[in-house]
Amino acid sequence: MRKKMSIRDIPKEEAMWPGNPACQGCGGSLAGRLVYKALGRNSVRVEIASCAPGFMNIRVPSFYAPAFEGAAAFMTGLARGYKLMGREDVVIAGLIGDGGTVDIGFQGLSAAAERNENIFWFTYDNEAYMNTGGQRSSATPLFARTATTPISDTSRGKAEEKKNVPLILAIHRVPYVATASVAYPEDLIEKIQYGKEIKGFRYMQINSPCPTGWGFEPKDSIKVARLSVESGLWPLYEILEGRRFRLTYKPKELKPVTEALKIQGRFRHLSTEESNTIQEKTINNWERLLDMDGKEIF
Amino acid sequence: MKSEVMVGNKAVAYSAKLARVNLIAAYPITPQTTIVQYLSEFVANGEIKAEFVNVEGEITAQLVCMAGSIAGARAFTATSGPGLIYMHHALHGTARYRLPVVMAVANRGVRTMGPDHTDMMDQRDTGWIQLYCENNQEALDTGIMAYKIAEDERVRLPVSYGLDGYVLSYTAEPVEIPEQKEVDDFLPPYKSTYPVLPENFDAEIEDYKKHWLKGKSINEPFTPYPADESFSHLTMVNWGPGHDQQWRWRSHQEAMMKAKQVIKEVDEEYGRRFGRSYGGLVDEYRCEDADVVIVAMGTIASTARVAIDNLRREGKPIGLVKLKSFRPFPKEEFERIGKTVSTIGVLDRNISLGEGGIVYNSIRSAIYDLEEKPLVLGYHLGLAGKEVRLRDVEQIAERTLKTANEKKVETFVTWI
Amino acid sequence: MESLEETIKEEFPERILKSNIMAMRKAYDGVSELMDAKNLPKKKDIKIESQEPLISYSRNVADWRVFRPVIDKNICVNCQRCWIYCPETAITMVEGKADVNYSYCKGCGICSEECPVEAIKMELEEE
């Protein structure tokens, strides 16, 4: 039976040295810290072109896959290789940015999921290609300003909604898919500790606010993450065996999305209509998730 | 020793089996598809014990082999033509990380279905060793030798070997299959030297710190590992002052040069143990008293032998240099040969658009510093799978002999 | 050791000279013997020891600070939020009170923002 975790239950051991060249207040760095804290040091890390190589203070063997699109393939090769040397106990984990997950890495991701490779994939989602200056990815949310979706009278930031990777992967029938947030470390760590014991393809998408790219002060990183969850913009859930859906955090009442959006410079341009559109879509989505909660969805 | 009439693809599959590969990445592409099919059957019936990964594309195939090799697996994959160029991005990775992955390429043109060498030639700057085979027996033998070359401490580079698509890959020839035990004696198990175990992490970092401190103002590798670049936990401080960004290219080039000797040694040892050797980097056929030589790769060399015999019967002083190792390029061999002949005719089943025949230009460069330079002519044939007939090669040989007699060149490059 | 110190003096600017030389000495002293990796125990529980982070050899991220978090330990209630939210483990709980490692703290201010009892104030870093 799974217990709700409190901050006191979080393991004290760190798998990270202090000090890395990530920006002040980097949500991705915190994501990396929490992930490897939860996994423990009997794991390895795969990284690709992204901000993640900057999280060089993580204390597990770290491999840089030399192809941006190759995170999934590289993890596959490692998983098979470690299996051959009799070390399936080592968790093959990747800390991958959204670009390498949802765009250029998507083919490989889907294939690794289809093959049910024994890997644990972590996407630290800062919703753009932040390492190269914040260009739009398909994980960028609707109306967000990025370096390639600028704001003018006719260009209103990203024109498309965020690609829903967790649901896409769940339909591959993989053992475990989850969303998480750096503002909810107990939830994040409990999910990882649960997923760690499962064999096969596991995926977690972690909302990782980026002060530099999203346009807010570093001190507000956790606040932005929290408000995103509390307003339904970033629901926390998990899907087991591709079927059983469970919301892991259900606020009684959702906060208005403007509370989360107004802190972020990337949404400063929103008109009332655009804001309302986001609010409506968020409410609709939330209601659909409430409907799915506790049920077999596929 | 067993003997069987088999297609080239099966010979390749046998070589991987005998080399005891334990990680195979499989993806279909004509004309190599049956290589991975044979291997999947070998794995299914227990003849090979391996992780067999049906990947979704060639670049994944290469990355899987790369990562598996880091983790200690003896990795193998096969591809052709467009599959190979799709893999290009990852080829740089395998070579740069100095991993002894072996890949069979059923040579197919990058733009067509038919066989030519443009696919492997297109990868010539990736830092892979490239060997070419003229018959199915050589393909099987090379497939085994490849691992010995790749895993040699002096080399630690990936090896690709080519066999002409369709002409070899789907054509049956008699092939002798060495005994497993004899191959085991020749080829010991692969041992990865890469830092991959989590429990060793702390000690390796401490070790690395000492090396880093020493290397502060010395342009030397910062770690004892040949491919430290892949391990972020070791490279995090590599960008300090005193670091020479060029050293990895330089040391890779040095390894390539050392590989020349290793290829010769491995070939010679293979000859002693199994009774077949291929001359090392080049095989010189009837060149002892030749005034003219033609240079060919792959199955064209096999056809050329017959052409040479025919012309020799007429008393013409001509020989064949079969180029087996294209990378590293046997410059020294061509310098030596260049001193003894008056004219060289180079048969290129490839082209570098905007410059010309690749082997043609390489040989011209190789003989450049000789006091008395031979004339070098280039011929394009067999591209896009165009049939190479005996009379085509004879025509080339005759033209080259004519040029030698007249001591002047009408046209340097001819399309057959 | 002297020649290493000389090289460090040549390569690094004055203000981080002292901490870099200290880091180097500490690393050198910390390695008492060369461990043969092959003889290390295989699957034992990994213990984190306080080893000098490798990053300190090439960068001083503490230099980035404009403000530094100052913790009033009398107010701190050991809720551990600042500890868990620090992006880089620059805060540890020492005897039930939050403690900042100023060698690595970048001054992002998350700890101060998240503290529920306002025990952490961001103060301007003196030069």
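All residue numbers refer to position in the chain's written sequence, counted from 1. As a convention, the first chain written is A and the first ligand written is 1, with the rest following in written order. For a predicted model such as this one, the threshold for reporting local features is a pLDDT of at least 70, and the threshold for listing and counting side-chain atom pairs is 80 or more; totals across whole chains, interfaces and linings nevertheless cover every residue.

1. Digging into the overall build of chain C
In DSSP terms, a helix is any run of H or I states spanning at least four residues, a strand is any run of E spanning at least two, and both are numbered starting from the N terminus. Helix and strand content of chain C: four helices and four strands. Taken from the N to the C terminus, the helices and strands of chain C come in the order α-α-β-α-β-β-α-β. Buried residues are those with 20 or more other C-beta atoms within 10 Å of their own C-beta, exposed residues have 12 or fewer, and partly exposed residues lie in between; C-beta atoms are placed from the backbone. When burial is assessed residue by residue, chain C has 27% of its 127 residues classed as buried. Note on contacts: residues are paired as contacts if their backbone-placed C-beta atoms lie within 7 Å. In chain C, 61% of the contacts between residues at least 6 apart in sequence involve partners at least 24 apart.

2. With respect to the overall build of chain B
Scanning chain B from N- to C-terminus turns up 15 helices and 15 strands. In terms of overall dimensions, chain B is globule-like: its C-alpha atoms have a radius of gyration of 22 Å, near the 22 Å expected for 416 residues. Its C-alpha atoms put chain B at 70 × 55 × 40 Å along the principal axes. Looking at chain B as a whole, 57% of its 416 residues are labelled buried. If you take every contact in chain B between residues at least 6 apart in sequence, the share linking residues at least 24 apart comes to 80%. This radius of gyration counts C-alpha atoms alone. The globule rule is 2.2 Å times how many residues there are, raised to the power 0.38.

3. Notes on the pairing of strand E1 (residues 43–47) of chain A
All names here are of chain A. Among the five residues of E1, five are classified as buried, and the element is accordingly described as predominantly covered. Going residue by residue along E1, you find Ser 43, Arg 45 and Glu 47 tucked away on one face and Val 44 and Val 46 tucked away on the opposite face as well. Strands are treated as partners if at least two bridges between them are detected by DSSP. Bridge count for E1 against strand E2 (residues 62–64) is three bridges, and the pairing is parallel. Bridge pairing links Arg 45 to Ser 62 in E2.

4. What about the sheet that holds strand E2 (residues 23–26) of chain B?
Residues and elements named next belong to chain B. As summarised here, the arrangement of the seven strands in space is E3-E2-E4-E5-E7-E6-E12, forming an open sheet in which the pairing is mixed. Each end of this open sheet is capped by a strand with a single partner; those strands are strand E3 (51–54) and strand E12 (325–327). On average, each strand axis in the sheet is tilted by 20° relative to the strand beside it, whichever way the strands run. The pairing of strand E5 (residues 102–107) with strand E7 (residues 159–164) spans six bridges and is classified as parallel. Within E7, the position partnered with Val 102 by the bridge is Val 159. Sheet strands in contact with helix H2 (residues 33–44) are E2, E3, strand E4 (75–79) and E5, and its direction is about 135° off that of E2. Fitted lines through C-alpha atoms serve as axes, helices being fitted only where they are in contact, and the angles separating the N-to-C directions of these axes extend from 0 to 180 degrees.

5. Notes on the nonpolar core
Of all hydrophobic cores here, the largest spans 246 residues; its most connected members are Leu 78 of chain A together with Ile 149, Val 293 and Val 295 of chain B. Sequence-distant contacts of Ile 149 of chain B, defined by excluding residues within four places in its chain, comprise Ile 129, Val 155, Val 159, Ala 259, Val 262, Ile 263 and Val 266 of chain B. Definition of nonpolar core: a set of buried Ala, Val, Leu, Ile, Met, Phe, Trp, Tyr and Cys residues joined via C-beta atoms within 7 Å.

6. Considering the domain arrangement of chain B
All names here are of chain B. How far each domain reaches was decided by an automatic or database domain assignment. Assigned domains within chain B: domain 1 (2–192) and domain 2 (282–415). Once you take the C-alpha centre of each, domain 1 and domain 2 turn out to be 28 Å apart. Every contact between the two is made by 24 residues of domain 1 and, on the other side, 19 residues of domain 2. If one sorts the elements of the side of domain 1 that touches domain 2 by residue count, strand E6 (residues 129–133) sits on top with five residues.

7. So, the interface of chain A and chain B
Opposite the 33 residues of chain A that make contact, chain B presents 33 residues. Counting only elements with at least two residues in the side of chain A that touches chain B, the list comes to E1, E2, helix H2 (71–84) and helix H4 (106–114) of chain A. Top element by residues in the side of chain A that touches chain B is H2 of chain A. It accounts for ten residues. When residues are sorted by character, Ala, Val, Leu, Ile, Met, Phe, Trp, Tyr, Cys and Pro go into the nonpolar class, Asp, Glu, Lys and Arg into the charged class, and all the rest, Gly among them, into the polar class. Its residues placed into classes, the side of chain A that touches chain B shows 18 nonpolar, nine polar and six charged.

8. Description of the pairing of strand E11 (residues 318–323) of chain B
Residues and elements named next belong to chain B. Buried residues dominate E11, accounting for six of its six residues. What you see with E11 is no split at all: Ile 318, Leu 320 and Lys 322 on one side and Gly 319, Val 321 and Leu 323 on the other are buried throughout. Where strand E9 (residues 282–285) meets E11, four bridges bridge the pair, whose relative direction is antiparallel. Paired with Asp 283 across the two strands is Lys 322, which belongs to E11. In the sheet, strand E10 (residues 292–296) pairs with E11 via five bridges, with the strands oriented parallel. Opposite Ala 296, over in E11, you have Lys 322 as the bridge partner. Taken together, E10, helix H12 (residues 299–313) and E11 form a β-α-β motif whose crossover is right-handed. If the strands point away from the viewer and the path from the first strand over the helix to the second runs clockwise, then the crossover is right-handed.

9. Concerning the environment of Pro 18 of chain A
The residue Pro 18 of chain A is located in the segment before helix H1 (27–39) in this model. Under the C-beta neighbour-count criterion, Pro 18 of chain A is labelled buried, with 24 such atoms within 10 Å. A C-alpha to C-alpha distance of 30 Å links Pro 18 of chain A and Tyr 249 of chain A, two positions 231 residues apart in sequence. If we ignore the near neighbours within four places in the chain, the residues touching Pro 18 of chain A are Asn 57 of chain A together with Pro 53, Glu 88, Thr 89, Ala 90, Asn 101 and Tyr 104 of chain C.

10. Some points on H12 of chain B
All names here are of chain B. For a helix, the expected span equals 1.5 Å multiplied by the number of residues minus one. If you check H12, its first and last C-alpha atoms are 22 Å apart, about what 15 residues at 1.5 Å a residue would give, namely 21 Å. Within H12, the full set of buried residues consists of Thr 299, Ile 300, Ala 301, Thr 303, Ala 304, Ala 307, Ile 308 and Leu 311. The inward-facing, buried residues of H12 contact E7, E9, E10, E11, strand E13 (343–348) and helix H15 (390–406). Backbone geometry just after H12 places Gly 315 at a positive phi near 85°.

11. A short note on unusual backbone geometry
Residue Thr 30 of chain B is joined to Pro 31 of chain B through a cis peptide bond whose omega torsion reads 0°. Put simply, Arg 327 of chain B and Pro 328 of chain B share a cis peptide bond, and its omega is 5°. Considering the arrangement of structural elements, one finds Pro 328 of chain B in the loop between E12 and helix H13 (331–340). Although it is not a glycine, Glu 127 of chain A sits at a positive phi angle of roughly 60°. By the element assignment, Glu 127 of chain A lies in the loop between strand E4 (120–125) and helix H5 (165–170). Positive phi, normally seen in glycine, also occurs at Tyr 166 of chain B, with a value near 65°. Position of Tyr 166 of chain B among the secondary structure elements: in the loop between E7 and strand E8 (172–177). With 19 C-beta atoms counted inside 10 Å, the residue Tyr 166 of chain B sits in the partly exposed group.

12. A short note on the domain arrangement of chain C
Looking at the assigned domains, one finds that chain C contains domain 1 (1–33) and domain 2 (61–124). For domain 1 of chain C and domain 2 of chain C, the distance between their C-alpha centres works out to 28 Å.

13. A few points about H13 of chain B
Listing the buried residues of H13 of chain B in full gives Glu 333, Phe 334, Ile 337 and Gly 338 of chain B. Buried residues of H13 of chain B, viewed axially, fall in a sector of 130°; they line one side. Note: the arc covers the axis-to-C-beta directions of the helix.

14. Some points on the sheet that holds strand E15 (residues 413–415) of chain B
All names here are of chain B. The six strands lie next to each other as E9-E11-E10-E13-E14-E15, forming an open sheet whose pairing is mixed. Looking at strand neighbours, the two that pair on one side only are E9 and E15, the edges of this open sheet. The mean inter-strand angle of the sheet, taken between neighbouring strand axes irrespective of direction, is 20°. Where E13 lies against strand E14 (residues 375–380), six bridges are found, and the strand directions are parallel. Across the sheet, the residue bridging to Thr 343 is Leu 375, located in E14. Each of E10, E11, E13 and E14 touches H15; the most contacted strand, E13, lies at about 155° to it.

15. Some thoughts on the packing of helix H7 (residues 136–151) of chain B against helix H11 (residues 247–274) of chain B
For any two helices packed against each other, one specifies the inter-axial angle together with the distance between the axes. Residue and element names in this part refer to chain B. Orientation of H7 relative to H11, taken along the N-to-C sense of each, is 130°, at an axis distance of 10 Å. Taken together, H7 and H11 sit at an angle that is classed as oblique. The element H7 and its partner H11 pack so that their crossing is right-handed. Along its contact with H7, which presents Asp 141, Met 145, Lys 148 and Ile 149, the element H11 presents Ala 259, Val 262, Ile 263, Val 266, Asp 267 and Tyr 270. Considered class by class, the residues forming the contact of H7 with H11 number seven nonpolar, no polar and three charged. Angle categories: roughly parallel below 35 degrees, roughly antiparallel above 145, roughly perpendicular from 65 to 115, and oblique for all the rest. By convention the crossing between two helices is left-handed if the near helix lies anticlockwise of the far one by an angle smaller than a right angle, and right-handed if it lies clockwise.

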